[in-house]
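Residue strings, one per chain:
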There are 4 protein chains.
Amino acid sequence: MNRAALDSIPLTPANLAPPAPDYPWPAPYRSAMFLSFDVDAESAWTSKDAGHAERLVTMSYGAYEARVGTPKLLELLDQLGLKGTFFITGWAVDAYPAMAEAILKAGHEIGHHGYHHLMPDPGAPFIEEEVERGFETLKRRLGVVPTGYRAPYGEFTEGLRRILVEHGIVYTSSFRDDVRPYRHVLADGTPGPIELPVTASYDDWMHGLSTRFSPRSIFPKEHVLSLWKDELDEVRDWGAMVTTVLHPQCSGRPMRLRLLREFLTYAQGCPDLWITTGAAITENFLAHERAA
Amino acid sequence: MNRAALDSIPLTPANLAPPAPDYPWPAPYRSAMFLSFDVDAESAWTSKDAGHAERLVTMSYGAYEARVGTPKLLELLDQLGLKGTFFITGWAVDAYPAMAEAILKAGHEIGHHGYHHLMPDPGAPFIEEEVERGFETLKRRLGVVPTGYRAPYGEFTEGLRRILVEHGIVYTSSFRDDVRPYRHVLADGTPGPIELPVTASYDDWMHGLSTRFSPRSIFPKEHVLSLWKDELDEVRDWGAMVTTVLHPQCSGRPMRLRLLREFLTYAQGCPDLWITTGAAITENFLAHERAA
Amino acid sequence: MNRAALDSIPLTPANLAPPAPDYPWPAPYRSAMFLSFDVDAESAWTSKDAGHAERLVTMSYGAYEARVGTPKLLELLDQLGLKGTFFITGWAVDAYPAMAEAILKAGHEIGHHGYHHLMPDPGAPFIEEEVERGFETLKRRLGVVPTGYRAPYGEFTEGLRRILVEHGIVYTSSFRDDVRPYRHVLADGTPGPIELPVTASYDDWMHGLSTRFSPRSIFPKEHVLSLWKDELDEVRDWGAMVTTVLHPQCSGRPMRLRLLREFLTYAQGCPDLWITTGAAITENFLAHERAA
Amino acid sequence: MNRAALDSIPLTPANLAPPAPDYPWPAPYRSAMFLSFDVDAESAWTSKDAGHAERLVTMSYGAYEARVGTPKLLELLDQLGLKGTFFITGWAVDAYPAMAEAILKAGHEIGHHGYHHLMPDPGAPFIEEEVERGFETLKRRLGVVPTGYRAPYGEFTEGLRRILVEHGIVYTSSFRDDVRPYRHVLADGTPGPIELPVTASYDDWMHGLSTRFSPRSIFPKEHVLSLWKDELDEVRDWGAMVTTVLHPQCSGRPMRLRLLREFLTYAQGCPDLWITTGAAITENFLAHERAA
């Protein structure tokens, strides 16, 4: 690191938001699970390398989502009587409109997840285009105007935060710095969206997907259930929330669905736990914010 | 990513095949296991770097296959009374003809797996040569004209798909987008081969091989059995299929063979599960396709 | 490697210190645990790449430390009645003075951990500046003159060792070559600081943090508890010590705190184990050194 | 890969040795464990990058071997009444003569492991110098003329194989292609050394060492014991052998020694298993070879 780079590091926190407010969850709940899914299909791969479009097996990881994974997940959620939020890339909606319509028809919330799943990295081009094209596609194909946004690859810039506010996004769900919802404060001090924070432990990609591009391990049910239950049980003790970040191309695989069924059944057995959508958690936040 | 790359991404699925048809498995079976092996020997390593040919220990990973792994696997399959499909590279047949003959003589199906195990990546040279040289070797050495093909490194291009059809390949087994057989549709809309899809969880290389070239972990029996049983049990509930992708240089190792024996014994205890070759599953598909 | 590089390797040990002295721990203890934490906040990330300062989600890993992780850890230590040592970067103190004050007020020891968490690699600039700026910040913000130092990224150079001695550092805790405290010998044969050695197994980052920058796995409670208990129980048999290297952005996560609570409760159940700060272990060392 | 590289790949096995002969182990044994250790100390690290010599914490991983790991392992082997083979780099002997003398004095076999632990890769310089300097150091410091050799980084070239034969090496232990001893055949068809083959599963580095240079995971006792027992039990059924490749900087760590004690105790409980040195296994091979 040279002097200029070193001196460029601000001596203040990147996140200016005050502590997350400690309001109660809706009775009888004392903790929450934001049940959310990221539906990328092939855009999870072409966003790494456009050339992947010609690698047919790499593409097939994404296509699993439309052919098998999402239908199976919808079936599971229906059996359990659960509603969640599906953040879908515009590309996935354009390429697989029937899949997207099935999600909507089943009563789940549709969230914004970019168009081509491009990473919103500082200096990356197309950040605003990604946002606008995502809105346009959800509107055109599904008649949906999403209020929630999750960043592709879980990265964020100040510019993106501002663009989202300007486009009417009410909540985001990408930051890793809290266990309760809070309201973003933009760099200029004005209010940003509400954040429903996430954590790596509930991202199925961390434990369940290994490819020739990555040496990640695939872990069995016992491993993942232990992580997920420990995180959930501690969060319940804290009166806080967890956010799942599940991908149908991973959690829609047979052994992963089996694991998810067992986990969600466990979660449903916790009478203090509110399992719900991002929109519902956000509504609850806003009601308390207005009352404060 | 620049504009040209971004604009090169098609807005349609890479796989144009309709949903996998939902015909029944042969009575009394209600699910299937395509028991398959990939025999690469040293070509698994020289295909990454031709210079490996002079790295004698790196070569010895591959040679294990001929010296120990394949004979031990054949012995196990014989003890269990199981027949599977062995996708063998032409190189392995030329270098180890006795190993290849032993597989054939034991009654297993021989499949095509390229000649030098070169990855069929877009723009890679030798894709057609690999296919032709593989056919030529299997014919010359074994008198075999294979009807099944698995792609080295599990990658595929449209060009490869077309070449295989032209050379009479009836089924392929490399795509990750389904849990039942389906027929490929080529880019021009004409019929392609039947696909017997695979998944990373049944690839022994993901859990059992660590080298100085890769930080992958070696997982014990409990880990792998849990994955494999969960995947199998869920697939049985779905009426679908699993495909094993086992390499004698991995699953022929003592502790891995012990694990495989336990897994296959478990699978044989499932009265609803058809454990068979790719050719048999393909025959069954064709019969239903003709009847449809 | 070329001839010049090869010939540059000294034929003598890098560490000239004699064997660790084998004095007794304070009665009734027969082994020790140096309970220590590294508080880096965002400097854990900006020290890898100053550009991370604009990657808001990457920053949020660090901010978790101030918003949730450190408060929760302080609460746990208070509940258990334990005191430890917190090595804090100057950056974290400047950005989050209230967090640093809370640690101090709770009665824990404050140690030096650099300013920007820059790695003290041979030839790296700013090594001395990092040390001086760290001292200055701890003095200015907290009125603390630390006697203990842990190297960012766990690396060390001879120059750093000398600078620390000149600045009055009494003990360091970064080396991996022993299981008991020993006194460093500088390259010129003069005495260096006392070393309280560490080991990778008690670094929570090794088992609990996975990001898009690293393929590390996240392991469940059973995995980590097994490692930590085995290491502790064997060390107790040896009459030696362990050093925890825990980061609030990892161990302050819900499932990790749950694990840590269980582990510390186990450790507190060992009547022969002295759980304490680096300062206390160092005082004990000095008393025995003076008496020798 | 270009045409020239492709055409450079030989169409014959790299290993020309016939199948391993199937002679019996000495009564009452029916399988064998070659109990071996690799002692590299700091040369494990400087051989990757000579600049590591100035990275004092990186060096301290190696120094652990001399300060704690090797003494503790010798104590364990003494308690269990076991003799093994220690492959030591010349560098480790020059830097830590007392450690090397302690190994010799305890009655263990000393093997050749290069001087600077440089990888014998095709085209690497210093391959012959490494061999000669290793011999010279073992002779000068310990009065030992080793008959066994293990390659640093487990790699080998034809040139190295020939050099070793010319220098009187009787057995090597680096190849991964068998589960019983066999005699190498050099490229010109003349006899090479006897090989006592190894496997990655018994290399403690694969499961027990994680550093900032590598994302490898550290696995607990249950994981490693399961692997090691499964491999051992299957090999016992086969009448074959296993070879441990243990490093005091890994297996000499408290939790790893605890694991090794448990594993070796298990192995000693197998009445059919011969736990011994490379020299003893080689003698047995030679006796059968002469009798054949």
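Residues numbered from 1 in each chain as written. Chains lettered and ligands numbered in written order. Predicted model: local features only at pLDDT ≥ 70, side-chain atom pairs only at ≥ 80, totals over all residues. Heavy atoms only, no water.

Draft legend 1. Quick peek at the interface of chain A and chain C. With 54 residues of chain A at the contact, the number on the chain C side is 50 residues. Both sides of the chain A and chain C interface together cover about 4200 Å² of buried area, and 60% of this is carbon and sulfur. Across the contact surface, chain A and chain C share nine salt bridges. If you look at where chain A meets chain C, you find 24 residue pairs in polar contact (both at pLDDT 80 or more). If you tally residues by element for the side of chain A that touches chain C, the top one is helix 9 (residues 221-238) of chain A, at 10 residues. When the residues that make up the side of chain A that touches chain C are grouped by side-chain class, the tally is 27 nonpolar, 13 polar and 14 charged. (Contact = heavy atoms within 4.5 Å. Buried area = accessible area lost by both parts, 1.4 Å probe. Salt bridge = Lys/Arg side-chain N within 4 Å of Asp/Glu carboxyl O. Polar contact = N/O pair within 3.5 Å; in protein donor to acceptor, adjacent residues only side chain to side chain. Helix = DSSP H or I, 4+ residues; strand = E, 2+ residues; numbered from the N terminus. Nonpolar A, V, L, I, M, F, W, Y, C, P; charged D, E, K, R; others polar.)

Draft legend 2. Fine view of the interface of chain B and chain A. Taken together, the contacts link 54 residues of chain B with 50 residues of chain A. Where chain B meets chain A, there are nine salt bridges. Notably, a salt bridge pairs aspartate 121 of chain B with arginine 55 of chain A, separated by 2.7 Å at the nearest N-O pair. Summed over the shared surface of chain B and chain A, the number is 24 residue pairs in polar contact (both at pLDDT 80 or more). Sorting the residues of the side of chain B that touches chain A by element identifies helix 1 (3-7), helix 7 (158-166), helix 8 (205-208) and helix 9 (221-238) of chain B as the ones contributing at least two each. The leading source of residues in the side of chain B that touches chain A is helix 9 of chain B, at 10 residues.

Draft legend 3. Main features of the pairing of strand 4 (residues 109-112) of chain D. Residue and element names in this part refer to chain D. Neither face of strand 4 is open: one carries Glu109 and Gly111, the other Ile110 and His112, and all of them are buried. Here four bridges tie strand 3 (residues 85-88) to strand 4, and the two strands are oriented parallel to one another. Directly across from threonine 85, in strand 4, lies its bridge partner glutamate 109. (Buried < 20%, exposed > 50% of the residue type's maximum accessible area, 1.4 Å probe, protein only. Pairing = 2+ DSSP bridges.)

Draft legend 4. Just the pattern of salt bridges, in detail. Considering all chains together, one arrives at 88 salt bridges over all chains under this definition. Notably, a salt bridge pairs arginine 236 of chain A with aspartate 272 of chain A, separated by 2.9 Å at the nearest N-O pair. Taken together, the positions of arginine 236 of chain A in helix 9 and aspartate 272 of chain A in the loop between helix 11 (254-268) and strand 10 (273-276) put the pair 36 residues apart, joining distant regions of the chain. Overall, arginine 236 of chain A belongs to the partly exposed group, its relative accessible area being 22%. One network of salt bridges, with partners in common, ties together Asp49, Arg55 and Arg212 of chain A together with Asp121 and Glu155 of chain B.

Draft legend 5. Structural detail: the packing of helix 11 (residues 254-268) of chain B against helix 9 (residues 221-238) of chain D. Two numbers describe how helix 11 of chain B lies on helix 9 of chain D: the axes approach to 7 Å, and their chain directions differ by 90°. As judged from the angle between their axes, helix 11 of chain B and helix 9 of chain D are roughly perpendicular. Residues Pro254, Met255, Arg256, Leu257, Arg258 and Arg261 of chain B of helix 11 of chain B lie in contact with helix 9 of chain D, whose contacting residues are Leu227, Asp230, Glu231, Asp233, Glu234, Val235, Asp237 and Trp238 of chain D. Along the lines of polarity and charge, the residues of the contact of helix 11 of chain B with helix 9 of chain D split into six nonpolar, no polar and eight charged. (Axes fitted to C-alpha atoms, helices over the stretch in contact; angles between N-to-C directions. Parallel < 35°, antiparallel > 145°, perpendicular 65-115°, else oblique.)

Draft legend 6. Structural view of the relation of the copies chain A and chain C. In screw terms, the move from chain A to chain C is a rotation of 90° and a rise of 0.0 Å along the axis, fitting with an RMSD of 0.0 Å. What we have between these two chains is a four-fold relation. Taking C-alpha positions as the reference, the residue of chain A nearest the rotation axis is proline 215 of chain A, at 4.8 Å. With a heterologous cut-off of 20% or less, the 7% of interface residues of chain A that recur at the interface of chain C puts this contact in the heterologous class. (Least-squares fit on C-alpha atoms with pLDDT ≥ 70 in both.)

Draft legend 7. Representation of the UniProt feature "domain: NodB homology" (unreviewed entry) in chain A within the structure. When the UniProt feature table is mapped onto this chain numbering, "domain: NodB homology" (unreviewed entry) sits at residues 55-276 of chain A. Span residues 55-276 of chain A is 48% helix and 13% strand, its end C-alpha atoms 37 Å apart. (UniProt positions renumbered as here; feature names shortened; annotations may be inferred.)

Draft legend 8. Highlighting the side chain of serine 47 of chain A. Here serine 47 of chain A lies in the loop between helix 2 (43-46) and helix 3 (56-80). From its side chain, serine 47 of chain A meets the backbone oxygen of alanine 44 of chain A in a polar contact 3.4 Å long. In terms of polar contacts, serine 47 of chain A uses its side chain to reach the side chain of histidine 117 of chain A, at 3.4 Å. With near-sequence residues (within four places) excluded, serine 47 of chain A lies in contact with His116, His117, Leu118 and Tyr153 of chain A together with Met1 of chain B.

Draft legend 9. Inspection of helix 6 (residues 127-142) of chain B at higher detail. Residue and element names in this part refer to chain B. The terminal C-alpha atoms of helix 6, which comprises 16 residues, lie 22 Å apart, in line with the 22 Å expected from a rise of 1.5 Å per residue. Residues of helix 6 that are buried: Ile127, Glu130, Val131, Gly134, Phe135, Thr137, Leu138 and Leu142. Down the axis of helix 6, the buried set is contained in an arc of 165°. They therefore lie on one face. The secondary structure elements touched by the buried residues of helix 6 are helix 4 (90-95), helix 5 (97-105), strand 4 (109-112) and helix 7. (Expected span 1.5 Å × (residues − 1). Arc of directions from axis to C-beta.)

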